[in-house]
Amino acid sequence: QAQLVESGGGLVQPGGSLRLSCAASGSILSIYYMAWYRQTPGEQREFVAYITSGGNTNYANSVKGRFTISRDNAKNTVYLQMNSLKPEDTAVYYCYVRTSGYSDYWGQGTQVTVSS
């Protein structure tokens, strides 16, 4: 069964750090694009960062300089290192994968709460 398994969310104080991970199951092949999105209650899901199979990255302006996306192609895993966290970063974070055959997959979401 094709699935994405996320981990690493939790509660952190402002200024702290968290690292999210998302592992794609072995049945998901030829991954081209891996990304993170986030969503708060009552709001649309918003883009956070992406990374391509070639290592090209892009970030939302709100996280540039604080978040870093990376991937391990051998493990089909994408990471999001989040530093200098702010209360406005509080959200459910979702992993997203697109394959070279244009199949799309979403993770189940992991809660990140930034609060003192």
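About the criteria used
Residues numbered from 1 in each chain as written. Predicted model: local features only at pLDDT ≥ 70, side-chain atom pairs only at ≥ 80, totals over all residues. Heavy atoms only, no water. Helix = DSSP H or I, 4+ residues; strand = E, 2+ residues; numbered from the N terminus. Pairing = 2+ DSSP bridges. Axes fitted to C-alpha atoms, helices over the stretch in contact; angles between N-to-C directions. Disulfide = S-S within 2.5 Å. Buried < 20%, exposed > 50% of the residue type's maximum accessible area, 1.4 Å probe, protein only. Phe/Tyr/Trp six-rings, centres within 6.5 Å; stacked < 30°, edge-to-face > 60°. Lys NZ or Arg CZ within 6 Å of the ring centre and 35° of its normal.

A few points about unusual backbone geometry
Part 1 of the argument: The phi torsion at Asn76 lies on the positive side, around 50°, for a residue other than glycine.
Part 2 of the argument: Here Asn76 lies in the loop between strand E7 (67-72) and strand E8 (77-82).

What about the sheet that holds E8?
Part 1 of the argument: Read across the sheet, 4 strands follow the order E1-E3-E8-E7 without closing on themselves; strand pairing throughout is antiparallel. Looking at strand neighbours, the two that pair on one side only are strand E1 (4-7) and E7, the edges of this open sheet. Between one strand and the next, the sheet's axes are offset by a mean angle of 15°, whatever the strand orientation.
Part 2 of the argument: Alignment of strand E3 (residues 18-24) against E8, held across 6 bridges, turns out to be antiparallel. Within E8, the position partnered with Arg19 by the bridge is Gln81.

Thoughts on the state of the cysteines
Part 1 of the argument: Applying the stated criterion across every chain yields a total of 1 disulfide.
Part 2 of the argument: Across a sulfur-sulfur distance of 2.1 Å, Cys22 and Cys95 are joined as a disulfide pair. The S-S bond linking Cys22 to Cys95 shows a torsion near -80°; that makes this disulfide left-handed. On the criterion of sequence distance, the pair formed by Cys22 in strand E3 and Cys95 in strand E9 (residues 91-99) is long-range, its members being 73 residues apart. Across the pair, exposure class does not vary: Cys22 and Cys95 are buried alike.

As for the environment of Gly101
Part 1 of the argument: Mapped onto the elements of the fold, Gly101 is located in the loop between E9 and strand E10 (104-106).
Part 2 of the argument: In this structure Gly101 comes out as exposed when scored by relative accessible area, which is 56%.
Part 3 of the argument: Separated by 69 residues in sequence, Gly101 and Tyr32 place their C-alpha atoms 8.8 Å apart.

Some thoughts on the packing of aromatic side chains
Part 1 of the argument: Counted under the stated rule, the structure contains 7 aromatic pairs.
Part 2 of the argument: Ring centres 4.9 Å apart and planes at 35° place the aromatic pair Tyr33 and Tyr50 in the tilted group. Residue Tyr33 is found in strand E4 (residues 31-39), and its partner Tyr50 is found in strand E5 (residues 46-52); the two are separated by 17 residues along the sequence.
Part 3 of the argument: Judged by centre distance (6.0 Å) and plane angle (80°), the rings of Tyr37 and Tyr96 are edge-to-face. Here Tyr96 lies in strand E9 and Tyr37 lies in strand E4, a separation of 59 residues in the sequence. With respect to burial, Tyr37 and Tyr96 carry one shared label: buried.
Part 4 of the argument: Of the aromatic side chains, those joined through ring pairs into one cluster are Tyr33, Tyr37, Phe47, Tyr50, Tyr96 and Trp106.
Part 5 of the argument: Its end group placed over the ring of Tyr94, Arg45 keeps NZ or CZ at 3.6 Å from the ring centre.
Part 6 of the argument: The side chain of Arg45 reaches across the aromatic face of Trp106, ending 4.7 Å from its centre.

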